[in-house]
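Architecture at a glance
Here is what each chain is made of, one letter per residue.
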Amino acid sequence: MKKPLCSFYLSLTPDLHQHLKQKLQRAYRVDISQDTLTTNNLNKNTEILGTFVDSKISKAVIKKLPKLRLIVSLSTGYDHIDLKAAKRRSITVCNVPSYGERTVAEFAVGLTLSLSRKLHKAVRRVKAGEFDYHGLRGFDLYEKTIGIIGTGKIGSNVIRMLQGFGAHIIAYDPFPNKALEKELHFTYVPLSKLWKTSDIISLHAPLTKKTHHLVNKKTISSMKSGVSIINTSRGGLISSEALLWGIESGIIEGAALDVLEQEDLLEDTFRLIEKKTCSPKEARICLMNNIIIDHPKTIVTPHLAFNSKEAVLRIIDTSIKNITSFTKGNPQNIVTL
Ligand code: NAI
């Protein structure tokens, strides 16, 4: 019998491609592309599809893959997959529910410190040959109020790590974990209070209809003047336009963003606008993003909070297990609507 075709669209180092291939090639035909998946580079014989979050698995992609039986997302978040379209075709979707809650939390704390001590500006200055600290005064985290939105796996680890700085931690989650609150000595507060009283706000909630543009002009208006915002969750939680307004109006002192609204369009902004293949609204968000990236009060990183050696290996190994257990008729880590 012909082995099922597993197509991966993953930009990984050659050793990790090799690792993936070695583990699967006995039972599967393995095809790995460094590119993100589009309707133009898919293989219509694909039965199992593996991608990172940078590949949009849309209705159009699914339609062009008539043999597709399994989508394996090499990530925790799965908002890049059209789950409805997958369900209609009875395609199973799996994710990696946990691989790096500490990994992402460490990155979020790193971004917090980079903002609070202006590391992004300091490094640039010294590299330009200017060894001078004037104008680079930061602030301590000690006794600051830090608001955490979403106290799941990542948010709770951020809280655990920040406790070491002697900060006051407050949090909002629609499903508060009272045992965690007691264990980690933080306090759940209503969202309105979190906006009003936090010196730093760190986002760790998934992107859903409810969290889309959670940070908007109205919520920014209610924030403490001089607030810093950290986002390692999903770009869609923050309206880029509102963020820029918040920075320019002086309410937001700094923003450190590992994710951006519509980040998938970012690389090709000008090509897309020229070709008129994105809507005016999308073009506007892309332009806002470009201004945010260049802004002196921001740090923007390319969605890499997950990207430590240890975490990536855990992602790949769990994804391999997702594929082999599905084939054995015992699927694991299934994602549903
Ligand atoms: P999780 O599912 O363990 O925790 C999410 C928490 O958010 C839950 O406690 C949930 O109740 C809460 N939540 C749901 N709706 C909310 C709302 N409206 N307001 C506030 N909280 C809400 O997820 P985990 O593992 O902590 O990941 C959080 C997010 O981080 C993921 O959804 C993903 O989008 C993002 N992520 C980003 C990575 C990166 O590389 N930048 C890597 C991994 C995850």
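This text gives an overview of the structure that appears in the document.

Digging into the site of the ligand
If you check the shell around the ligand, you find 23 residues, and the closest are K153, I154, D173, T232 and D258. One of the backbone N or O atoms of K153 is found 2.9 Å from an oxygen atom in the ligand. At 3.1 Å from an oxygen atom of the ligand is found a main-chain nitrogen or oxygen belonging to F306. Taking 860 Å² as the accessible area of the ligand by itself, protein coverage stands at 85%. Here the residues of the shell around the ligand are counted per class, giving 11 nonpolar, 8 polar and 4 charged.

Some words on the packing of aromatic side chains
Per the stated rule, a full pass over the model turns up 2 aromatic pairs. Consider the rings of F52 and F306, whose centres lie 5.8 Å apart with planes at 50°: the pair is tilted. Here the residue F52 occupies a position in the loop between β3 (48-51) and α2 (59-63), and F306 occupies one in the loop between β12 (298-300) and α13 (309-327), the gap between them amounting to 254 residues. Ring geometry for F186 and Y188: centres 5.0 Å apart, planes at 70°, overall edge-to-face. For the pair formed by F186 and Y188, the shared burial category is buried.

As for the pairing of strand β4 (residues 70-73)
Going residue by residue along β4, you find L70 and V72 tucked away on one face and I71 and S73 tucked away on the opposite face as well. Inspection of the sheet shows β3 paired to β4 by 4 bridges, in the parallel sense. Counted as the bridge partner of I48 is L70 from β4. Strand direction decides the pairing type here: β4 and strand β5 (residues 92-94), joined by 3 bridges, are parallel. Across the sheet, the residue bridging to L70 is T92, located in β5. This β-α-β element, β4 to helix α3 (residues 83-88) to β5, shows right-handed connectivity.

What to know about helix α6 (residues 153-162)
The element α6 is extensively covered by neighbouring structure, given that 7 of its 10 residues are classed as buried. Three or more residues of α6 are buried, namely G155, S156, N157, V158, I159, M161 and L162. Buried residues along α6 sit in contact with α4 (101-116), β6 (145-149), β7 (168-172) and α7 (178-184).

Quick look at the sheet that holds β4
Pairing between sheet strands relies on hydrogen bonds along the backbone, with the strands arranged either parallel or antiparallel. Ordered in space as β2-β1-β3-β4-β5, the 5 strands form an open sheet in which the pairing is parallel. Every other strand in the sheet has two partners, leaving β2 (29-33) and β5 as the edge strands with one partner each. Geometrically, the sheet is characterised by an average inter-axis angle of 15° between neighbouring strands, direction not taken into account. Contacts from helix α1 (residues 14-24) reach β1 (5-9) and β2, with the element oriented near 165° to β2. The sheet contacts of α13 involve β1, β3, β4 and β5, and relative to β4 the element is tilted by about 165°.

Notes on a positive patch on the surface
A cluster of basic residues, K59, K63, K84, R88 and K209, forms a positive patch on the protein surface. For the positive patch, the secondary structure elements donating two or more residues are α2 and α3. Its location among the elements puts K63 in helix α2. For K63, a relative accessible area of 72% puts it in the exposed group.

With respect to the pairing of β7
Pairing analysis gives 5 bridges linking β6 to β7, with the strands arranged parallel. Bridged to I146 within β7 is I169. A crossover links β6 with its parallel partner β7, the connecting element being α6, and its sense is right-handed. With 2 bridges connecting them, β7 and strand β8 (residues 187-188) associate as parallel partners. When the bridges of β8 are listed, A171 appears paired with Y188. The parallel pair β7 and β8 is bridged by α7, and the resulting crossover is right-handed.

How each quantity is defined
Residues numbered from 1 in each chain as written. Predicted model: local features only at pLDDT ≥ 70, side-chain atom pairs only at ≥ 80, totals over all residues. Heavy atoms only, no water. Near = heavy atom within 4 Å. Polar contact = N/O pair within 3.5 Å; in protein donor to acceptor, adjacent residues only side chain to side chain. Areas by Shrake-Rupley, 256 points an atom, 1.4 Å probe, with all protein chains shown as cover. Nonpolar A, V, L, I, M, F, W, Y, C, P; charged D, E, K, R; others polar. Phe/Tyr/Trp six-rings, centres within 6.5 Å; stacked < 30°, edge-to-face > 60°. Helix = DSSP H or I, 4+ residues; strand = E, 2+ residues; numbered from the N terminus. Buried < 20%, exposed > 50% of the residue type's maximum accessible area, 1.4 Å probe, protein only. Pairing = 2+ DSSP bridges. Right-handed = clockwise from strand over helix to strand, strands pointing away. Contact = heavy atoms within 4.5 Å. Axes fitted to C-alpha atoms, helices over the stretch in contact; angles between N-to-C directions. Patch = residues over 30% accessible without salt bridge, like charges linked within 9 Å, V, L, I, M, F, W, Y side chains within 5 Å. Salt bridge = Lys/Arg side-chain N within 4 Å of Asp/Glu carboxyl O. Lys, Arg positive; Asp, Glu negative; His and termini not counted. Charge placed at Lys NZ, Arg CZ, Asp CG, Glu CD.

Read these as geometric descriptors, not functional statements.
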